[in-house]
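Working through the structure, step by step
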Amino acid sequence: MPRVDTDAFYRLALERYGHNAEGAHWESALTQRVRFDVLRRLLPADPADLTLVDVGCGMGDFYTYLKSVGALPGRYLGIDVVAPMVELARARTRQEILLLDALQDDLPEADYYICSGAMNTFTRDETRQFIARCLAAAREGFLFNLLRGLDDCDTFNYWEPDEILALAQDLGAVCAIETGYLREDFTVVLRRARRP
């Protein structure tokens, strides 16, 4: 059973806070930027030849961030399950933004998948499934952040890094984890294992 109704959860935030970081359920624009900085640093230095799928793209904020730091990929594709967010992302980015449910629909292949914040209301099983599906669709890897702590909240999804390390091992992925940039957050890079 889902923790929350994702569509209603984000529509309400948009109505209450508007088209800004809080409207996408970020604590603030500052914490959103900190997370984006970490994700950018963990992507290849020159993304110009890469295809990047931003799954759970919301209003297209990560694309706007990449543009502002001069690090746009060769091809950017956004995916979100909330229709008003998809419409806003299309208008803001002028990029291809798909209305898809990454837990159920077929996912396009890309060099990298990236996800910032979209798993924060998932159940544990949904999180595992989402990670496995995104990694399977990525030729190179999947980068994402999660809330860090005990999973004892009815709304938000908390994990510890060692749990993700164990999941990466189950998926046969090479895993690196970044901590220390925000108190209750960590970022993960899962890379597909190279075959000999």
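Use the structure listed above.
For the structure given in this document, a descriptive report is provided here. As a convention, each chain's residues are numbered from 1 in the sequence order in which they are written. Local features are withheld for residues below a pLDDT of 70 in this predicted model, meaning they are given only at 70 or higher, and side-chain atom pairs are given and counted only at 80 or more; totals for whole chains, interfaces and linings count all residues. The side-chain quantities take in all heavy atoms of the structure and omit both hydrogens and water.

1. Focus on the nonpolar core
To define a nonpolar core, start from buried Ala, Val, Leu, Ile, Met, Phe, Trp, Tyr and Cys residues and group those joined through side-chain atoms within 4.5 Å. Note on classification: 1.4 Å probe, protein chains only; a residue is buried when its accessible area is under 20% of the maximum for its type, exposed when over 50%, partly exposed between these limits. Judged by nonpolar contacts, the single largest core of 31 residues is most densely connected at Val55, Tyr113, Met119, Phe130, Phe142, Phe144 and Ile164. For this core, the elements supplying multiple residues, two or more each, are β1 (51-55), β2 (75-80), β4 (110-116), α5 (124-137), β5 (138-148), α6 (161-171) and β8 (185-192). Looking at which element gives the most residues to this core, the answer is α5, with five residues. In terms of nonpolar packing, the next biggest core, distinct from the first, is built from 22 residues, Leu39, Leu42, Leu52 and Tyr181 among them. Where helices and strands are cited, they refer to DSSP runs of H or I of at least four residues and of E of at least two residues respectively, numbered from the N terminus.

2. Notes on the packing of aromatic side chains
The pairing test for Phe, Tyr and Trp rings, Trp by its six-membered ring, is centres within 6.5 Å, and the orientation test on the planes gives stacked under 30 degrees, edge-to-face over 60, and tilted for anything in between. Counted by the stated rule, this structure contains seven aromatic pairs. Seen in terms of ring centroids, Phe130 and Phe142 are 6.3 Å apart; in terms of plane orientation they differ by 50°. Their pairing is tilted. Here the residue Phe130 occupies a position in helix α5, and Phe142 occupies one in strand β5, the gap between them amounting to 12 residues. Summarising the burial analysis for this pair, Phe130 and Phe142 share the class buried. Cation placement over rings: the criterion is NZ of Lys or CZ of Arg within 6 Å of the ring centroid and within 35° of the ring normal. The ring of Trp159 has Arg124 lying over it, and the distance from NZ or CZ to the ring centre is 3.7 Å.

3. Examining unusual backbone geometry
The residue Arg94 is not glycine, and still its phi comes out positive at about 60°. By the secondary structure assignment, Arg94 is in the loop between α4 (83-93) and β3 (96-99).

4. A closer look at the packing of α5 against α6
Axis definition: a line fitted to C-alpha atoms, over the contacting stretch in the case of helices. Angles run 0 to 180 degrees between N-to-C directions. Remark: α5 packs on α6, axes separated minimally by 11 Å, with the N-to-C direction vectors making an angle of 45°. Here α5 lies oblique to α6, going by the angle between them. The interaxial crossing formed by α5 with α6 has right-handed handedness. When α5 is examined against α6, the residues Arg124, Arg128, Ile131, Ala132 and Leu135 are found in contact with a partner set consisting of Glu163, Ile164, Leu167 and Leu171. In terms of residue class, the contact of α5 with α6 is made up of six nonpolar, no polar and three charged. The cut-offs work like this: below 35 degrees is roughly parallel, past 145 is roughly antiparallel, 65 to 115 is roughly perpendicular, and the gaps in between are oblique. Less than a right angle of anticlockwise turn of the near helix away from the far helix marks a crossing as left-handed, whereas a clockwise turn marks it as right-handed. Only heavy atoms matter for contacts: two residues are in contact if any of them lie within 4.5 Å across the pair. For this classification, Asp, Glu, Lys and Arg are treated as charged, while Ala, Val, Leu, Ile, Met, Phe, Trp, Tyr, Cys and Pro are nonpolar and the rest, including Gly, are polar.

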